[in-house]
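Fold and geometry: a report
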Amino acid sequence: MPSQPNLQPPAFSQKATQKRMETIIREVQETNLGNDWKYTSDDGNVMTKKISDEVKDRLRDLGLPRYKFLVQVVLGQKVGEGMHMGCRTLWDQDTDAYATVTYGNDDYFCVATAYGVFQY
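Overview of the structure. None of the values given here were measured: they were computed from a predicted structure.

Attention now moves to the overall build of the protein. Secondary structure assignment for the protein yields two helices and three strands. Ordered by position from N to C terminus, the α and β elements of the protein give α-α-β-β-β. Scored against the burial criterion, the 120 residues of the protein give a buried share of 35%. Partitioning the contacts of the protein with sequence separation of at least 6, the portion at a separation of at least 24 is 74%. Element-wise, carbon and sulfur atoms account for 48% of the exposed surface of the protein, whose accessible area totals about 8,000 Å². Taking the average place of the 14 positive charges on the side chains of the protein and the average place of its 16 negative ones, the gap between the two points comes to 7 Å.

Here's what the structure looks like:
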């Protein structure tokens, strides 16, 4: 007889939380961008990957078992136009979480979103 998969949700201390994720995203953005960084398209490509990789690595370092983390970073130059972003998700509201942090100055904006999805 095959064994049944473990369908138990994580303990409260082992859950991904919006607050933890926001703190990590903000720290990574501040460390990599700061107020002195100036936007160029070449640097933007490199910085987008660097920030997303670092956020994902820091989230993994939390050691939350059976969580998968996805990170999206949008980095652009402010040129006087507006921008709207949106997403739709289907998940377990008791175990899954997301956080979005917007960072920038007069020259650029950086919107980073991280999703923590518990795998049953």
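Attention now moves to the environment of glutamate 27. Position of glutamate 27 among the secondary structure elements: in helix 1 (residues 18–32). In sequence terms glutamate 27 and arginine 60 are 33 residues apart; their C-alpha atoms lie 15 Å from each other.

Moving on, we get to unusual backbone geometry. For arginine 66, which is not glycine, the phi torsion reads 65° and is therefore positive. Looking at the secondary structure, you find arginine 66 in the loop between helix 2 (41–60) and strand 1 (67–77).

All right, on to the packing of helix 1 against helix 2 then. Look at helix 1 against helix 2: their axes get within 10 Å of each other, and the N-to-C directions meet at 140°. In this structure, helix 1 meets helix 2 at a crossing whose hand is right-handed. Contacts between helix 1 and helix 2 pair Met21, Ile24, Ile25, Glu27, Val28 and Asn32 from the former with Met47, Lys50, Ile51, Glu54, Val55, Arg58 and Leu59 from the latter. Its residues placed into classes, the contact of helix 1 with helix 2 shows eight nonpolar, one polar and four charged.

In this structure, Leu33, Ile51 and Leu75 are the most contacted members of the largest nonpolar core, which totals 26 residues. Within the residue set of this core, elements represented by two or more residues are helix 1, helix 2, strand 1, strand 2 (97–104) and strand 3 (108–118). If one sorts the elements of this core by residue count, strand 3 sits on top with five residues.

For the rest of this paragraph, the subject is the packing of aromatic side chains. A complete count under the given rule lists eight aromatic pairs for this structure. Measuring from ring centre to ring centre gives 6.0 Å for tyrosine 67 and phenylalanine 69, while their planes differ by 20°; the resulting arrangement is stacked. The pair tyrosine 67 / phenylalanine 69 is uniform in exposure class, with both members buried. A network of ring pairs unites the aromatic residues Tyr67, Phe69, Phe118 and Tyr120 as a single cluster.

The rules behind the values
- Residues numbered from 1 in each chain as written.
- Predicted model: local features only at pLDDT ≥ 70, side-chain atom pairs only at ≥ 80, totals over all residues.
- Heavy atoms only, no water.
- Helix = DSSP H or I, 4+ residues; strand = E, 2+ residues; numbered from the N terminus.
- Buried < 20%, exposed > 50% of the residue type's maximum accessible area, 1.4 Å probe, protein only.
- Contact = heavy atoms within 4.5 Å.
- Areas by Shrake-Rupley, 256 points an atom, 1.4 Å probe, with all protein chains shown as cover.
- Lys, Arg positive; Asp, Glu negative; His and termini not counted.
- Charge placed at Lys NZ, Arg CZ, Asp CG, Glu CD.
- Axes fitted to C-alpha atoms, helices over the stretch in contact; angles between N-to-C directions.
- Left-handed = near helix turned anticlockwise from the far one by under 90°.
- Nonpolar A, V, L, I, M, F, W, Y, C, P; charged D, E, K, R; others polar.
- Core = buried A, V, L, I, M, F, W, Y, C linked by side-chain atoms within 4.5 Å.
- Phe/Tyr/Trp six-rings, centres within 6.5 Å; stacked < 30°, edge-to-face > 60°.

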